[in-house]
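Listed below, chain by chain, are the residues.
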Amino acid sequence: MNERGMRRQQLATVVSDKMDKTVVVRVERVIKHKLYKKYVKTHKKYAAHDEENACKIGDRVIITESRPLSKSKHWRVSKIVEKTA
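Residues numbered from 1 in each chain as written. Predicted model: local features only at pLDDT ≥ 70, side-chain atom pairs only at ≥ 80, totals over all residues. Heavy atoms only, no water.

**Examining the overall build of the protein**
Check the secondary structure of the protein and you find zero helices and five strands. Walking the protein from its N terminus toward its C terminus, one meets helices and strands in the order β-β-β-β-β. The C-alpha extent of the protein, read off along each of the three principal axes, is 45 × 40 × 25 Å. Intrachain contacts of the protein at a sequence separation of at least 6 include 49% that bridge at least 24 residues. Total accessible area computed for the protein in this model is approximately 6700 Å², and 51% of it derives from carbon and sulfur atoms. Considering the protein, the positive charge centre built from 22 side chains and the negative charge centre built from 10 side chains are found 9 Å apart. (Helix = DSSP H or I, 4+ residues; strand = E, 2+ residues; numbered from the N terminus. Contact = heavy atoms within 4.5 Å. Areas by Shrake-Rupley, 256 points an atom, 1.4 Å probe, with all protein chains shown as cover. Lys, Arg positive; Asp, Glu negative; His and termini not counted. Charge placed at Lys NZ, Arg CZ, Asp CG, Glu CD.)

**Details of the nonpolar core**
Counting residues in each nonpolar core, the largest one holds 12 residues, listed as Ala-12, Val-14, Val-23, Val-25, Val-27, Tyr-46, Ala-48, Cys-55, Val-61, Ile-63, Trp-75 and Val-77. Elements with a minimum of two residues in this core: strand S1 (9-16), strand S2 (22-32), strand S3 (39-49), strand S4 (60-65) and strand S5 (73-82). The greatest single-element share of this core, amounting to three residues, is contributed by S2. (Core = buried A, V, L, I, M, F, W, Y, C linked by side-chain atoms within 4.5 Å. Buried < 20%, exposed > 50% of the residue type's maximum accessible area, 1.4 Å probe, protein only.)

**With respect to the side chain of Lys-73**
As for its position among the elements, Lys-73 is in strand S5. In this structure, Lys-73 is buried with no salt-bridge partner, the nearest side chain bearing the opposite charge being Glu-51 at 7.5 Å. A polar side-chain atom of Lys-73 sits 3.5 Å from the main-chain carbonyl oxygen of Lys-21. Contacts of Lys-73, omitting those with residues within four sequence positions, involve Lys-21, Thr-22, Ala-47, Ala-48, His-49, Arg-67 and Pro-68. (Salt bridge = Lys/Arg side-chain N within 4 Å of Asp/Glu carboxyl O. Polar contact = N/O pair within 3.5 Å; in protein donor to acceptor, adjacent residues only side chain to side chain.)

**Describing the sheet that holds S2**
Overall, mixed pairing links the five strands, which are arranged S1-S2-S3-S5-S4 in a closed barrel. The sheet shows a mean angle of 50 degrees between the axes of neighbouring strands, taken without regard to direction. Pairing geometry for S4 and S5, over six bridges, is antiparallel. Bridge pairing in S5 links Ile-63 to Val-77. (Pairing = 2+ DSSP bridges. Axes fitted to C-alpha atoms, helices over the stretch in contact; angles between N-to-C directions.)

Shown next, in the form of C-alpha cells:
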C-alpha cells in the first residue's frame with residue numbers, strides 16, 4: 001500500500017443521502033474477539049462524496065480513499081455495485 005496510486009477500497013451500504021453530493025455509508029467487518037475467540041460484526045460510518053447524487057438509501061457501493069474534501073469527507077463513491085428497487 002505504500003506505492004503511489006494504491007488507495008484503499010471498501011464495500012459499503014448507503015445509510016443516508018439527505019445531503020447534497022454527500023452520502024453516509026456503513027462499512028461492516030467481521031473480526032475475531034481477542035479473549036473469547038468468537039467472530040463479532042462491527043461497523044463504521046463514513047461520509048463519502050457522490051458527485052452525481054446517484055446513490056439512494058440501501059445501495060451497495062464501493063468507496064475509495066481520497067484527499068480530504070471537507071472536515072468529514074475523505075472517501076469518494078467510485079462505483080455503485082447494486083441498486084435497490
